[in-house]
Amino acid sequence: TDGVRLAAETLDYLHTPGAVVLVTDGKETCGGTPCQLAAEFAREAPGLTVHVIGFKVRSDHWDWNTPDTETESVARCLADDTGGQYLNAETVDDLIGALRVTLGCNVFGSLENITATE
């Protein structure tokens with residue numbers, strides 16, 4: 001939540017239309033409230049769009065009836081409330097595809113140059 005707010009402030013979101021792309025593992029671990037921020041953006045900055053990519057989002061508990069691939073980020077409301085897109089990505093190729101969709105341009109690089117950490 002704090003990172004999205006900082007990105008929006010950097011874009012001068014109160015005065016200038018813009019877009020933020022959030023890549024998240026789905027957890028809000030810093031005590032923020034993404035849905036409260038989403039409502040604030042929707043109310044104060046109708047020109048700001050937040051796209052959310054849930055990368056390898058996992059639920060807090062495992063359930064035989066709910067595969068993890070169907071789990072969504074708690075930050076989905078940022079996309080929903082600002083007119084953005086919410087996309088899930090399980091692999092690096094999925095992530096690159098989601099970035100292409102949300103950024104509206106090609107993403108360059110190679111798999112060798114992309115590293116993931118847990």
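Parameters at a glance
- Every chain's residues receive numbers from 1 upward, in the order its sequence appears when written.
- Per-residue local features are limited, in this predicted model, to residues with pLDDT of at least 70; the limit for side-chain atom pairs, both in listing and counting, is 80 or more; totals at the level of whole chains, interfaces and linings are taken over all residues.
- Side-chain numbers come from the whole structure's heavy atoms, not from hydrogens or water.
- For our purposes a nonpolar core is just a set of buried Ala, Val, Leu, Ile, Met, Phe, Trp, Tyr and Cys residues, chained together by side-chain atoms within 4.5 Å.
- For the exposure calls, accessible area comes from a 1.4 Å probe over protein chains only, and a residue counts as buried if that area is under 20% of its type's maximum, exposed if over 50%, partly exposed in between.
- Only DSSP runs of H or I with at least four residues qualify as helices, and only runs of E with at least two residues qualify as strands; both kinds are numbered from the N terminus onward.
- Working rule for contacts: check all heavy atoms of both residues, and any pair within 4.5 Å makes them a contact.
- Only when DSSP finds a minimum of two bridges between them are two strands counted as paired.
- Axis lines are fitted through C-alpha atoms, for helices just across the contact stretch, and the angle between N-to-C directions can take any value from 0 to 180 degrees.
- When the strands point away from the viewer and the connection leading from the first strand across the helix to the second strand turns clockwise, the crossover is called right-handed.
- Roughly parallel here means an angle under 35 degrees, roughly antiparallel means over 145, roughly perpendicular means 65 to 115, and every remaining angle is called oblique.
- Should the near helix be turned counterclockwise from the far one by less than a right angle, the crossing is left-handed, whereas a clockwise turn marks it as right-handed.
- Ten residue types, Ala, Val, Leu, Ile, Met, Phe, Trp, Tyr, Cys and Pro, are classed as nonpolar, four, Asp, Glu, Lys and Arg, as charged, and the remainder, Gly among them, as polar.
- By disulfide we mean two sulfur atoms from cysteines, separated by a distance within 2.5 Å.

Chemist: So, the nonpolar core: which residues are in play, and what are the values?
Modeler: Counting residues in each nonpolar core, the largest one holds 17 residues, and the members touching the most others are V4, Y13, F41, L48, V50, V52 and L78. Listing elements by their share of this core, those giving two or more residues are α1 (2-10), α2 (34-44), β2 (48-55) and α3 (76-82). Excluding residues within four positions of it along the chain, V50 makes contact with V4, V20, F41, L78, A79, T82, G84 and Q85. With six residues, the next largest nonpolar core counts F55, L95, A98 and L99 among its residues.

Chemist: Would you mind going over the sheet that holds β2 in detail, with residue names and values included?
Modeler: Across the sheet, three strands lie side by side as β1-β2-β3; this open sheet has parallel pairing. Only two strands of the sheet have a single neighbouring strand rather than two, namely β1 (18-24) and β3 (86-89). Pairs of neighbouring strands in the sheet enclose a mean axial angle of 20°, with direction left out of account. Judged from the four bridges that link them, β2 and β3 form a sheet pairing that is parallel. Note on β3: the bridge partner recorded for V52 is Y86.

Chemist: Can you break down the pairing of β2 residue by residue, with the values?
Modeler: Most of β2 sits out of view: eight of its eight residues are buried. Relative to β2, β1 is paired through seven bridges, and the arrangement is parallel. Residue pairing in the sheet places A19 in a bridge with T49 of β2. A crossover connection joins β1 to the parallel β2 through α2; in handedness this β-α-β unit is right-handed.

Chemist: Tell me about the packing of α1 against α2, and name the residues and values.
Modeler: The interhelical angle for the contact between α1 and α2, taken along N-to-C directions, is 20°, at an axis separation of 10 Å. Classed by the angle they form, the pair α1 and α2 counts as roughly parallel. At the point where α1 passes α2, the crossing takes the left-handed sense. Each of V4, R5 and A8 in α1 lies in contact with α2, whose residues at this interface are L37, E40 and F41. Taken together, the residues of the contact of α1 with α2 break down into four nonpolar, no polar and two charged.

Chemist: Residues and numbers for the state of the cysteines, please.
Modeler: In this structure the tally under the stated criterion is one disulfide. Here C35 is linked by a disulfide to C77, with a sulfur-sulfur distance of 2.2 Å. A torsion of -105° about the S-S bond marks the disulfide between C35 and C77 as left-handed. Taken together, the residues span a long stretch of sequence, with C35 in helix α2 and C77 in helix α3 at a distance of 42 residues. We classify C35 as partly exposed; its relative accessible area is 40%.

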